[in-house]
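A closer look at the structure
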Amino acid sequence: LDCLAGYLDLVDALLAGTGTGEWNIGPGKESFVSVATVADRAAARWGGGAAWTSQPGTHPHEANLLALDATKAQQVLGWTNRLPFPLSLDWTVDWAKSFADGESAGGLALDQVRRFAALR
């Protein structure tokens, strides 16, 4: 997990209160999708008839797009997105489903960190 050393140094600094401000780690514009797309894919990945519905009626306004600017992480840490949207959502749903089935949250997270570190 040597490739995570810079990130771990940042985590240590942030926990100690000596980090350098706010950090955004997020996908690039190629991964921007609608909430409906996320919900559809998550339900399909979960399986077992999982579904969602839009509630009828008037609702508060919500932004059409919520996005993070990861420029700082790219410039300072050399960070790049290595997990495209479809795969990141699959990992998220798989983690949640495995946790719901009784697996250890820590073990699941560590497994995903190792899988992520192996991505090239």
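The text that follows walks through the structure, step by step, so that each part is easy to find. Predicted model, so just to flag it, every value in this text is computed and none were measured. (Residues numbered from 1 in each chain as written. Predicted model: local features only at pLDDT ≥ 70, side-chain atom pairs only at ≥ 80, totals over all residues. Heavy atoms only, no water.)

Below, the discussion takes up helix 2 (residues 35–46). Between its terminal C-alpha atoms helix 2 stretches 16 Å, which fits the 16 Å expected from 12 residues at 1.5 Å a residue. Gly-47, located one to two residues past helix 2, shows a positive phi value of around 75°. (Helix = DSSP H or I, 4+ residues; strand = E, 2+ residues; numbered from the N terminus. Expected span 1.5 Å × (residues − 1).)

Below, the discussion takes up the pattern of salt bridges. Scanning all chains against the criterion turns up four salt bridges. For Asp-90, the salt bridge identified is with Arg-41, shortest N-O distance 3.1 Å. Of the two residues, Asp-90 sits in helix 4 (residues 85–100) while Arg-41 sits in helix 2, which places them 49 residues apart along the sequence. Accessibility expressed as a relative area gives 31% for Arg-41, which makes it partly exposed. Salt-bridge contacts for Asp-111 lead to Arg-115; the nearest nitrogen and oxygen are separated by 3.8 Å. Here Asp-111 and its partner Arg-115 are both found in helix 5 (residues 105–118), four residues apart, which amounts to about one turn of the helix. Sharing partners across several salt bridges, the network here consists of Arg-41, Arg-45, Asp-90 and Asp-94. (Salt bridge = Lys/Arg side-chain N within 4 Å of Asp/Glu carboxyl O. Buried < 20%, exposed > 50% of the residue type's maximum accessible area, 1.4 Å probe, protein only.)

Our next topic: the nonpolar core. Counting residues in each nonpolar core, the largest one holds five residues, listed as Leu-10, Trp-23, Ala-70, Ala-73 and Trp-79. Setting aside residues no more than four positions away along its own chain, Ala-73 makes contact with Trp-23, Asn-24, Ile-25, Gly-78 and Trp-79. (Core = buried A, V, L, I, M, F, W, Y, C linked by side-chain atoms within 4.5 Å. Contact = heavy atoms within 4.5 Å.)

This part covers the environment of Val-76. Looking at where Val-76 falls in the secondary structure, it is placed in helix 3 (residues 71–77). Val-76 gets classed as exposed once you look at its relative accessible area, which sits at 58%. On a C-alpha basis, the gap between Val-76 and Val-113 in space is 21 Å, while along the polypeptide they are 37 residues apart.

Attention now moves to the layout of surface pockets. A probe matching the size of a water molecule, rolled over the atoms, marks out where space remains unfilled. A volume near 1000 Å³ is recorded for the largest pocket. Secondary structure elements with two or more residues in the lining of the largest pocket: helix 1 (5–15), helix 2, helix 4 and helix 5. When residues of the lining of the largest pocket are assigned to their parent elements, the largest contribution, five residues, is made by helix 4. Its residues assigned to classes, the lining of the largest pocket comprises 26 nonpolar, nine polar and two charged. There is about 250 Å³ of room inside the second largest pocket. (1 Å grid on protein atoms, 1.4 Å probe; cavity = no way out; pocket = protein on both sides within 12 Å on 5 of 7 lines; lining within 4 Å. Points joined across faces, edges and corners; volume = space filled by probe spheres on them. Nonpolar A, V, L, I, M, F, W, Y, C, P; charged D, E, K, R; others polar.)

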